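Residue-level structure breakdown
Spelled out from the first residue to the last, the chains are:
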Amino acid sequence: MKITFPHIGDAHLIGRIFFSEIGINIVTPRANTVKGLEKGSEISPDEICLPFKLMIANLIDAYHLGADTVVMPATLGPCRLGEYGELLKSILDCKGYRFQWILIDSPGAIGKKEFLSRLAYLVSESDKSMPVILWALARTYQIIKELENLDEKAHILAGHEKQRGECKKVLASCRRDLAKVTGVREALKNIRYHKSRLDGIEYDFKKRPIRLLLTGEIFSMIEPFANHRIEELLMDMGVSFKKRVTLGWWIRLTLFHPILPWKPLKSKNKYLPYSIGGYAKETVEEGVLCSKKGYDGVIQLFPVGCMPEIVSKAVFSKMMKEKGLSILTVIYDEMGGEAGYITRIEAFTDMLARRKRFEQNQERITFLKRIRGKVHVLSGH
Ligand code: SF4
């Protein structure tokens, strides 16, 4: 069994570490490219969304590299991602790419027993004992969490760097090294080393950079090719930002939460109280959070053809009026050109920075007026 799975952010890095720890080799498709996307588009249904086209291209590539088994994440639907496994299988079968399929669906959808039996089948060729496999699985989740924390810290600190680009370099170096490690212990050591490198950078905490919340469709949030590397772009601009939708977030939401004996408190959201597919409801909740936590603005990302996020975009328009939020929606199409996106994002951050400066000046003027008033009162005495 030669396992492969499509690219979703760091999944290939983390998957390789886990499987090599338990003695299974996996086949990693080459990184997403515009050429790959064109190939994927050729055999995909016309109206399907971008993640499907990239995934099908990845799987064809992996087939040529020797893979024979696909592991696919699935969701509860009604987002189309929930059906991708079946659709990918039938198209690839027709085209002669015959794989064995293992769908990792939510335990809430298929039941805990079936979920565990699929996981057991996935690791059936390992020569390690079950406790060792479970230990490796737990440590792999720890890698995901620690890498997430490193990213989060770097995204915030990028706005305070004395020399632009330092945090970005640390993240890139961490991922380069993770691609070479052979086990979970080495991976964790590498992430901690890069955390200390991040702490060693010089920062100016007097700076008040603009603070953004990055949200939107899950695949575009996680896969850098699908979002034209927006995180690096924002770090280069000296923006501090937060992104909650990550691989770890998805694992917690779809795999852990359904089997927890208690349910974590959900934030109330009067704008879109029901799930309408994808993670549109969660995207809207991010907008609510933005207004509460004092972010300067929100950037919403999604690929052309994504139905759930179109709905959250409509809800955001209402929230912009009612809550005075500043939201930029960036819809990525299948063209490789980036200049248009970069110009829009730069214009948005420039506008927010000017508004912030204006507000800071207003605060200073009000403060000075108050002080002067007090001086008059004192001199009157
Ligand atoms: S959330 Fe949107 S883009 Fe993502 S898989 Fe579902 S329909 Fe496609």
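Structure: see above.
Described below are features of the structure shown in this document. Nothing here was measured: the structure is a model prediction, and the numbers come from that model. Residue positions are counted from 1 within each chain, in the order its sequence is given. With pLDDT at 70 or above as the cut-off, local features in this predicted model cover only qualifying residues; side-chain atom pairs require 80 or more to be listed or tallied, and sums for whole chains, interfaces and linings still use all residues.

1. Here we look at the pairing of strand β6 (residues 297-303)
- Residues with at least 20 neighbouring C-beta atoms inside 10 Å of their own are called buried, those with 12 or fewer are called exposed, and the rest are partly exposed, where every C-beta is derived from the backbone. The numbering of helices and of strands both runs from the N terminus, where a helix is a DSSP run of H or I of at least 4 residues and a strand a run of E of at least 2. Across the seven residues that make up β6, a large majority, seven, are buried.
- On β6, burial covers both faces: G297, I299, L301 and P303 on one face and V298, Q300 and F302 on the other are all buried.
- Think of it this way: DSSP has to see at least two bridges between two strands before they count as a pair. For strand β4 (residues 211-216) and β6, the ladder comprises five bridges, and the chain directions are parallel. Looking across to β6, one finds that L214 is bridged to I299.
- Note that β6 and strand β7 (residues 327-332) share six bridges and pair parallel. Following the sheet pairing, Q300 is matched in β7 by T329.
- The definition of a right-handed crossover adopted here requires that, viewed with the strands pointing away, the path from the first strand over the helix to the second runs clockwise. The parallel pair β6 and β7 is bridged by helix α14 (residues 307-323), and the resulting crossover is right-handed.

2. Quick look at the site of the ligand
- Taken together, 13 residues are adjacent to the ligand, and C49, C79, L81, G278 and C306 come closest.
- Broken down by element, the shell around the ligand gets its largest block of residues, three residues, from α14.
- In the scheme used here, Gly and all other residues not listed as nonpolar or charged are polar, with Ala, Val, Leu, Ile, Met, Phe, Trp, Tyr, Cys and Pro taken as nonpolar and Asp, Glu, Lys and Arg as charged. The residue makeup of the shell around the ligand, split by class, is nine nonpolar, one polar and three charged.
- The start and end points of each domain follow an automatic or database-based domain assignment. Residues lining the shell around the ligand come from more than one domain, with at least three contributed by each of domain 1 (3-128) and domain 3 (210-381). Each residue receives a C-beta atom placed from its backbone. It is near a molecule or strand if this atom lies within 6 Å of it.

3. Brief notes about unusual backbone geometry
- Even without being a glycine, H228 presents a positive backbone phi close to 50°.
- Checked against the element boundaries, H228 lands in the loop between α10 (218-222) and α11 (230-236).

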